[in-house]
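# Results of the structural survey
Each chain, letter by letter, is given below.
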Amino acid sequence: MITAFVTIRFLDILDIILVAILIYQLYRLIKGTVAFNIAVGLFSIYLLWLVVKALNMELLGSIMGQLFGVGVIALIIVFHPEIRKFLVLVGSRYNVNRLLSFDKLFGAGKIKVINHQQIASLVDACESMSKTKTGALIIIAGNSELNEQINTGEQINAAVSSALVRTIFFKNSPLHDGAIIIKGNQIVAAGCILPLTSKSMDKALGLRHRAAVGMSENSDALSIVVSEERGSISVAEKGEIKRRISKEALIQILEERFQEEVPV
C-alpha cells in the first residue's frame, strides 16, 4: 500500500498564489531604487547565515543570529518609504478605502469627478502650454485626500478652467514652480510641493517628472506634466510614466479614469 506523504489542499495553492502576488508587488515597489540593492544584500547575508548554521560555525552563527534578531526593526527603518508606498497601494489602488467608506455604508449619492467640459479645459491648457513650452505639473486626486500636499501650497478652490491653469503656470507667476492639485471639480491649491520618486529615471527628465512619478507612487492620483524643455506632455500613474502623450490620448486617459460615477 502506497501512502501519500504530501497532501496539497486548495488553501495551500491559494497561500502560494497570495505570497507570489505579495512578493511581486514588493518587487515593483523597490525596482530601480536603492532599496532593491539593499534587499539583495540582505538576502545574500541571509543565505550566508544559513550556510554558517549548516556548517555549525558557532561563533559566526551566533553573531549573525543576533543581527537577525533585531532585523525587523532595522527593516522598518531602512524600508520606511517602501513600506509606506505598499500601505498606500493596499489602501488606495485596491480601493479598500472606497469599500470602507462611511458615505458608501450610509448610502450617499454619486457624482462625476470631472465632467467633459472640465476635461476639455485641462487638455486645452496642456496643449497650449505644450506649444509655448511652459512647464506645468497638474495633479488630479483620486480617492486619496492629498491634504499633506495641499497644505504646502496656496489654497485656491476655483473652478477648473483653461485660462486659470495657464495663468498659474505663466513663468512670471509666483506659483508656477509648484504643482496644482485638482479634487472633484475644483483646483483646490497651487504651488504645492510633492514627494520625489527615488527610482531610476531617464536623465532627460527633470524634477517635475520625478515629482509626478513620486506623487503617483504615494497615492492613487494621476499626474500630468508639460515639459519646459521639449514641450511634450507626460502622464504618471501607479508609479509609471507615459511620455509624449497626444491630445487625443490625454482626453481618453482622463475620461476613462475620472469621468465616471464615484461615491460622494
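Everything that follows concerns the structure shown earlier in this document.
Residues numbered from 1 in each chain as written. Predicted model: local features only at pLDDT ≥ 70, side-chain atom pairs only at ≥ 80, totals over all residues. Heavy atoms only, no water.

Looking now at the packing of helix H8 (residues 116-132) against helix H12 (residues 247-258). Contact geometry for H8 and H12: axes closest at 10 Å, N-to-C directions at 145 degrees. For the pair H8 and H12, the sense of crossing is right-handed. Facing His116, Ile119, Val123, Cys126 and Glu127 of H8, the residues of H12 in contact are Lys247, Leu250, Ile251, Leu254 and Glu255. Classifying every residue of the contact of H8 with H12 gives six nonpolar, one polar and three charged. (Axes fitted to C-alpha atoms, helices over the stretch in contact; angles between N-to-C directions. Helix = DSSP H or I, 4+ residues; strand = E, 2+ residues; numbered from the N terminus. Left-handed = near helix turned anticlockwise from the far one by under 90°. Contact = heavy atoms within 4.5 Å. Nonpolar A, V, L, I, M, F, W, Y, C, P; charged D, E, K, R; others polar.)

So, on to the packing of aromatic side chains. A full pass over the atoms with the stated rule returns zero aromatic pairs. The residue whose ring lies beneath Lys53 is Trp49, and the NZ or CZ to ring-centre distance is 4.7 Å. (Phe/Tyr/Trp six-rings, centres within 6.5 Å; stacked < 30°, edge-to-face > 60°. Lys NZ or Arg CZ within 6 Å of the ring centre and 35° of its normal.)

With that out of the way, let us pick up unusual backbone geometry. With a phi close to 55 degrees, Asn56 is a non-glycine residue in the positive phi region. Phi is positive for Lys238, close to 55 degrees, though the residue is something other than glycine. Its location among the elements puts Lys238 in the loop between strand E7 (233-237) and strand E8 (240-242).

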